[in-house]
Amino acid sequence: MRGSIAVRRAATVVGGAGIACGLAALVAFRSGASTNVVIVAASLAPLLLVVTIVGAVVTAAARQWILLGISALVLALGAWAFGPLWVGGASGGGPDPQGPSIRVMQSNIMVGSADPEALVRTVRDEAVDVLTIQELTEPSVAALRAAGLEDALPHTYLAPHVTGGGGAGIYSRLPLSAGRRVDGMALANLAVEVDAGLAGPVALYDVHPVPAYIAPAADWTADFERLRDEMDSAAAAHENVIVSGDFNATYAHRKFRDLRRGGYVDAADQLGAGVVPTYPTDKRYPAVVGIDHILTKGARATSLERIDVVGSDHHGLIADVRLGNSQTGGGSTSR
């Protein structure tokens, strides 16, 4: 009898903890507050809901029906919040583009620590057309050049830092123009126009808002508000926009979801790929948060692959992006 009571008490603790974790995940998902606690909770929201699942299983085994019912309700709300990530096309995005396709690769190289030869080999093997890099340093620019990156992708717009993680760079097989840094952001966030053979250029962004777990939460919020305004302007001016980078935010962050209001779609969301964890990769445990993304407006991702980046603490992403071509004129890069 005592053993049975102990089991039920343990189940109550586990079930209650699961419910608390699930509620924390849902509050963080819905909250527009920008505090470090909320930001971190949102980053870990899928894992918090996993704790709710464990609690539900334990309470079911212990016949704790009330706790099980509450857990089921929390999980149903979690499925409503995150379920669209596993349903291809649930995020909308308009009609299918009919233009050429380009292959975009995203990679944070951890303050220049990624293996340059391995990175260049990936670019060549995967037939990458455009590469966006964050945490580019001046020594890594030289190392990537020596490894042959600029032979494969000869058009560049680079803003490296001597040291530290504030640098960024865009490498492209296709011609680039109008390169600039996005004003008002703490780290290097870059914008260029890509000549993909269409009547109008493709607007491409290499973005890297500050990480909230290092910088003040107010700086993270300010970066996202500036980025949202920039993306809104690009959406109004260009048929095709691609925004690729380390966003230091997941789908669970309201500030990240707000970026989509101008018609932008996350490649993972569009394809029903679910949560795609990209960070960290330099620990004994696998990557747990998906903070690297490729967003498109007008254009649309038709494939998405997570890749290893040797020497970095991030996985990379490679997406095939089909461009819109409602205007006449221009050539084609379609493969």
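Data block above holds the structure.
Residues numbered from 1 in each chain as written. Predicted model: local features only at pLDDT ≥ 70, side-chain atom pairs only at ≥ 80, totals over all residues. Heavy atoms only, no water.

### Considerations on the pairing of strand E6 (residues 190–194)
Along E6, four of the five residues are buried, which leaves the element largely enclosed by surrounding structure. Looking at chain direction, strand E5 (residues 176–181) and E6 are connected through four bridges and run antiparallel. Looking at the pairing, Arg 180 lines up with Ala 191 of E6. With five bridges connecting them, E6 and strand E7 (residues 202–207) associate as antiparallel partners. Paired with Ala 191 across the strands is Tyr 205, a residue of E7. (Buried < 20%, exposed > 50% of the residue type's maximum accessible area, 1.4 Å probe, protein only. Helix = DSSP H or I, 4+ residues; strand = E, 2+ residues; numbered from the N terminus. Pairing = 2+ DSSP bridges.)

### Some words on the pattern of salt bridges
Tallied over the full model, the rule gives ten salt bridges. Among the salt bridges present, the one from Arg 103 reaches Glu 126, with a minimum N-O distance of 2.8 Å. In this pair, Arg 103 sits in strand E1 (residues 101–108) while Glu 126 sits in the loop between helix H5 (116–125) and strand E2 (130–134), placing the two residues 23 residues apart along the sequence. As a salt-bridge pair, Glu 150 and Arg 145 come within 3.2 Å of each other at their nearest N and O atoms. The exposure class of Glu 150 is partly exposed, given its relative accessible area of 22%. (Salt bridge = Lys/Arg side-chain N within 4 Å of Asp/Glu carboxyl O.)

### Focus on the sheet that holds E1
The strand order across the open sheet built from six strands is E3-E4-E2-E1-E12-E11, with neighbouring strands paired in mixed fashion. Unpaired on one side and paired on the other, strand E3 (155–159) and strand E11 (300–307) mark the two borders of the sheet. Strand-to-strand twist in this sheet, taken as the mean axis angle between neighbours without regard to direction, amounts to 15°. Here E2 pairs with strand E4 (residues 168–172) via five bridges, running antiparallel. The residue bridging Gln 134 from the neighbouring strand is Ala 168, located in E4. Relative to the sheet, H5 contacts E1, E2, E11 and strand E12 (316–322), its axis offset from that of E1 by approximately 165°. (Axes fitted to C-alpha atoms, helices over the stretch in contact; angles between N-to-C directions. Contact = heavy atoms within 4.5 Å.)

### Some thoughts on the packing of aromatic side chains
Overall, the coordinates contain five aromatic pairs when judged by the stated rule. Here the aromatic rings of Phe 29 and Tyr 251 are separated by 6.0 Å at their centres, their planes lie at 50°, and the arrangement is tilted. One end of the pair, Phe 29, is in helix H1 (residues 2–30); the other, Tyr 251, is in the loop between strand E8 (241–246) and helix H9 (254–258), and 222 residues separate them in sequence. Here Phe 29 matches Tyr 251 in class, with each residue buried. Among the aromatic residues, ring-to-ring pairing joins Phe 29, Phe 82 and Tyr 251 into one connected group. For Arg 257, the ring lying beneath its charged end belongs to Phe 29, and the centroid distance is 3.8 Å. The aromatic ring of Tyr 251 is capped on one face by Arg 257, whose charged end is 6.0 Å from the ring centroid. (Phe/Tyr/Trp six-rings, centres within 6.5 Å; stacked < 30°, edge-to-face > 60°. Lys NZ or Arg CZ within 6 Å of the ring centre and 35° of its normal.)

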